[in-house]
Structures are given as structure tokens and as C-alpha cells.
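As a plain string of letters, each chain reads:
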Amino acid sequence: MKDNRNLWQRAVQGLRDLLHVFVAEAKMTYKDMGVMIFFVVVPLLYPLLYSYIYNNEVVREVPAVVVDESLSATSRDYLRRVDATPDVEIVAQCADMQEAQRSLRRGDAYGIIYIPRDFDAQLALGRQATISLYCDMSGLLYYKSIVLANTAVSLEMNSEIKIERSSNTTARQDELTAYPIAYEEVPIFNPSGGFASFLLPAVLILIIQQTLLLGVGLSAGTARERSKHHDLVPIDDHYSGTLRVVLGKSLCYFLVYMLVSFYVLGVVPRIFSLVQIGQASDLLLFALPYLLACIFFAMAASALVRNRETCMLLFVFTSVPLLFISGISWPGAAIAPFWKYVSYLFPSTLGINGFVKMNNMGATLSEVAFEFKALWIQAGVYFIATCWVYYINISRSRSRALEMQAE
């Protein structure tokens, strides 16, 4: 009976300590402007900023210049059709390539359409004619618009030339001559072919991980700076148990990021009418292990932070590489095996792939079972790593306190 009473008292004391750690961490978070910026301001504003910038989805009316040495009716018809597309706007006719190149260097245009002198003559002789495109590759979206517009116009004129040279007598024969193989293009999961629908879901997931890394790292750096001996955990009876410290701190972060995740993953896509075809219940269940994995990953990584500035040096630069090796902005099949294995160390890789499949492609939770189970494994592994980190720091703080009492 006495053992049961002692066990109950220890459990109650452990719960009190956990709540004390939770309240202390919540107060510290609220009072630290830097942590509040990473936990609240950045998650609130960054998704809006990115979504607003890419809200147009595709680039329209890309300025281009023309060097038309043919000066024929056919070349003028070609250029008129290109200019009529929503993707390209012909802003100038240049006398030669040197003048056109100067326009590109000044930024007046992002592409050059060059039609050679023998363009119309080659077509009249039944030979293949050539039109050359020169694009500014500093912006791939400009390149995409110019190439797509010219490709569409050239295919359309090719079919008309085939029909003119044939001896067809019916419209059906003309149709078969122009398109012997019928095809239909259906852009699956991204109807507009836009940049926002393609990239923003991955960015939103990454924002959750990176702001947690920076906020938790900044909190850890603050704790070390305020401690006389640069301890991560203060010398206090409430901080004497590893599990209660880890759970108390993580509970604070979890409650904050429950609201942040709802806003980032649910509200922002709806504001900007991004693709959302996943089941809300499945997305909620998937977000749970991702959030836990990110929290414990950030807490374990905070062991590397020695002062407030260190987290900026350690974590900020990782955002772009993590986006690349996730397999979204760069095809996963083209990523070297070494970097693919490295990517699985970060919750963002599994979170991005699973979220995109569910939110943008309509996959169910069972269809992203690999990512879902792997995130739970990550959450468990990083929880153990976090406990180990805090156990070492608590032991050091306790040993130092005993040494000070002995003196």
C-alpha cells in the first residue's frame, strides 16, 4: 500500500513538473520576440508572401523581339500568330541579331525569334524550313512561355501546309492528314500548369519544419546564454526528470504549431484557391506524426546551438537544399542515391511527398502508408534522441550543482 502511495505521489509530482516546464516554456516563448517571430510572424506572413508572388500561376505576355530576314507573307503570318498567343508579346522588330542581343542585355525582352532569309523559299520548294529561338535562361518560366507559344504555332502551320499540299477532297481527309494520330493533352493534378500549384504545397510543409528549427534553436541558445555555465536545462527541482522536461517543452511547441499548421496547410491554400482535393481527416492524421517528428527533430538539433545567433548559421541555409532533395522541385528519380538517403533524415522529405500526394493528387492515407509510417518512426527516433540530449544536459547540471554545494 505504501509503495502504491509513493508511486502515486511521484506520478503527481511528475505531472506538476511537466506542467511547470510547459508554463515556463510558454512564458519564455511569449516574452522572447525572436522566438515569436519564428513561431508566429514568419508562418503567418511567409505563406502569404510566396502565394501572392506566384498567385498568377503562369507567366503571360513575355516580351520578345524578332529578327525577320525573310519579310514574307508566311513569316509575317507566323509572327502574328505568336503575338496573338497569351504567352508572348512581340515588342520590337530588330534589324539584325546584334540589335536583338542588345535588347536582351537591357532587359527589354527575354527571347529572340529569328527567321532566316530563305524561310519562305524553302517552304515553296517543299523543303524543311527553320525558325530559331534564343531565350534568356535566367528565368525558366520565360523560356517555357516562349517555347510553348512558338511550338504551338509551328504545329498549327505545319498541319495547314500538309493539307494544302495534299489532294484531299473531304474535311475528314484533311483532318487525317493534319493529325494521323489523335492525341489529347490533360494536365493531371495541375490544370493550369502553374508554378504555384506545383511548388507552394512543398514550400508550406517546409516552412513548418524550418521555423520550428529556428524557433526552438533560438530558445535553446537563449537558455544557454542566460545560464552561468551555459546549460541547456536550468538547475531546478522541476527540471530533474528527463521525460517531464522533454514532454513539457514539446507540449508547448505542439499546441502552438497545431494552430500554425491549420493556418499554413488549410487556410492559405483556400485563400489563394490552390489545389485541395485531399480528405481533411486524412490530412489531419498525416499532419500529426509530421508535426511530432519536426518538434523532436528541432529539439534534438538544438543541442548544437550554443548562442542565439548559431541557429541562424546552422539552419537557414538548409531550406533550399532540402526543397531540392525532397524530390518535388527536382525529380526524385534523378537524385543520387546518397542524397536520397540523406533526405530521409529530415521530416520535410516525407512530409512534402505525402502531403502533395494527398492534397494535390487525392491520395488516401493508406496510399501514403510509406510516408505515414516513416514519419512515426522518425518521431520515435528523434524523441529518443531528444531524451538522450536532455538526459546528458540534466546530468551535467545536477553534477555541477552537487559540486557547488560540496564547495
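Scroll up a little and you will see the structure.
Everything quoted here is computed from the prediction, not taken from an experiment. (Residues numbered from 1 in each chain as written. Predicted model: local features only at pLDDT ≥ 70, side-chain atom pairs only at ≥ 80, totals over all residues. Heavy atoms only, no water.)

(A) Geometry of the overall build of the chain. A tally of regular secondary structure across the chain gives 15 helices and 4 strands. Computed over C-alpha atoms, the radius of gyration of the chain comes to 30 Å, more than 25% over the 22 Å expected from 2.2 N^0.38 for 407 residues, which places it beyond the range of a compact globule. When its C-alpha atoms are laid out on the principal axes, the chain stretches across 105 × 45 × 40 Å. Of all 407 residues assigned to the chain, the portion counted as buried reaches 43%. (Helix = DSSP H or I, 4+ residues; strand = E, 2+ residues; numbered from the N terminus. Rg over C-alpha atoms; globule rule 2.2 N^0.38 Å. Buried < 20%, exposed > 50% of the residue type's maximum accessible area, 1.4 Å probe, protein only.)

(B) Expanded view of the side chain of Ser 72. If you trace the backbone, Ser 72 turns up in the loop between β1 (62-68) and α3 (73-84). Exposure remark for Ser 72: the relative accessible area of 9% places this residue in the buried category. Setting aside anything within four residues of it in sequence, one finds Ser 72 in contact with Phe 119 and Asp 120. (Contact = heavy atoms within 4.5 Å.)

(C) Summary view of the pairing of strand β3 (residues 111-115). Among the 5 residues of β3, 5 are classified as buried, and the element is accordingly described as predominantly covered. Here β3 shows two buried faces, one formed by Gly 111, Ile 113 and Ile 115 and the other by Ile 112 and Tyr 114. Both β3 and strand β4 (residues 132-135) contribute to a ladder of 4 bridges, which runs antiparallel. Bridge pairing in β4 links Ile 112 to Tyr 134. (Pairing = 2+ DSSP bridges.)

(D) Region of the structure containing the state of the cysteines. In total, this model carries 0 disulfides according to the counting rule given. No disulfide involves Cys 135; its sulfur sits 15 Å from that of Cys 94, the nearest cysteine. (Disulfide = S-S within 2.5 Å.)

(E) Geometry of the sheet that holds β1. Taken together, the 4 strands give an open sheet; going across it, the order is β2-β1-β3-β4, and neighbouring strands pair in mixed fashion. Looking along the sheet, the strands with just one partner apiece sit at the ends: β2 (88-93) and β4. Averaged over all pairs of adjacent strands, the angle between their axes in this sheet comes to 30°, without regard to strand direction. For β1 and β3, the ladder comprises 4 bridges, and the chain directions are parallel. Considered in β3, the bridge of Asp 68 is made with Ile 115. Packing against the sheet, helix α6 (residues 140-165) makes contact with β1, β2, β3 and β4, and its axis sits at approximately 165° to β4. (Axes fitted to C-alpha atoms, helices over the stretch in contact; angles between N-to-C directions.)

(F) The arrangement of unusual backbone geometry in detail. For Glu 61, which is not a glycine, the phi torsion comes out positive at approximately 50°. Tracing the sequence through the fold places Glu 61 in the loop between α2 (33-53) and β1. Positive phi is not limited to glycine here, since Ser 273 has a value of about 55°. Following the sequence through the fold, Ser 273 ends up in the loop between α9 (242-271) and α10 (280-301).

(G) Structural view of the nonpolar core. With 76 residues, the main nonpolar core has Leu 212, Tyr 253, Phe 286, Met 299 and Tyr 390 as its most contacted residues. Ranked by residue count, the leading element in this core is helix α8 (residues 195-226), at 16 residues. Setting aside chain neighbours within four positions, we find Leu 212 in contact with Phe 39, Gly 217, Tyr 253, Tyr 257, Leu 291, Cys 294, Ile 295 and Ala 298. Core analysis: the second largest hydrophobic core is formed by 16 residues, Val 82, Ile 90, Ile 115 and Ile 146 among them. (Core = buried A, V, L, I, M, F, W, Y, C linked by side-chain atoms within 4.5 Å.)

(H) Broad picture of α8. Taking 1.5 Å per residue, 32 residues should reach 46 Å; α8 reaches 45 Å between its end C-alpha atoms and fits that length. Counting buried residues in α8 gives 27 out of 32 residues, a clear majority hidden from the surface. (Expected span 1.5 Å × (residues − 1).)

(I) Structural view of the environment of Phe 195. Secondary-structure assignment places Phe 195 in helix α8. Remark: the alpha-carbon pair of Phe 195 and Asn 55, spanning 140 residues in sequence, is separated by 8.5 Å.

(J) Region of the structure containing the layout of surface pockets. Empty space within the largest pocket amounts to approximately 870 Å³. Along the wall of the largest pocket there are 30 residues; nearest its centre are Tyr 50, Leu 199, Val 203, Val 320 and Leu 323. Here the lining of the largest pocket takes 10 residues from α8, the largest share from any one element. Approximately 550 Å³ is the volume found for the second largest pocket. Looking at the second largest pocket, it is lined by 23 residues, and the ones nearest its centre are Ser 261, Phe 262, Ala 280, Leu 283 and Leu 284. Mapped by element, the contributors of at least two residues to the lining of the second largest pocket are α9, α10 and α14 (347-359). (1 Å grid on protein atoms, 1.4 Å probe; cavity = no way out; pocket = protein on both sides within 12 Å on 5 of 7 lines; lining within 4 Å. Points joined across faces, edges and corners; volume = space filled by probe spheres on them.)

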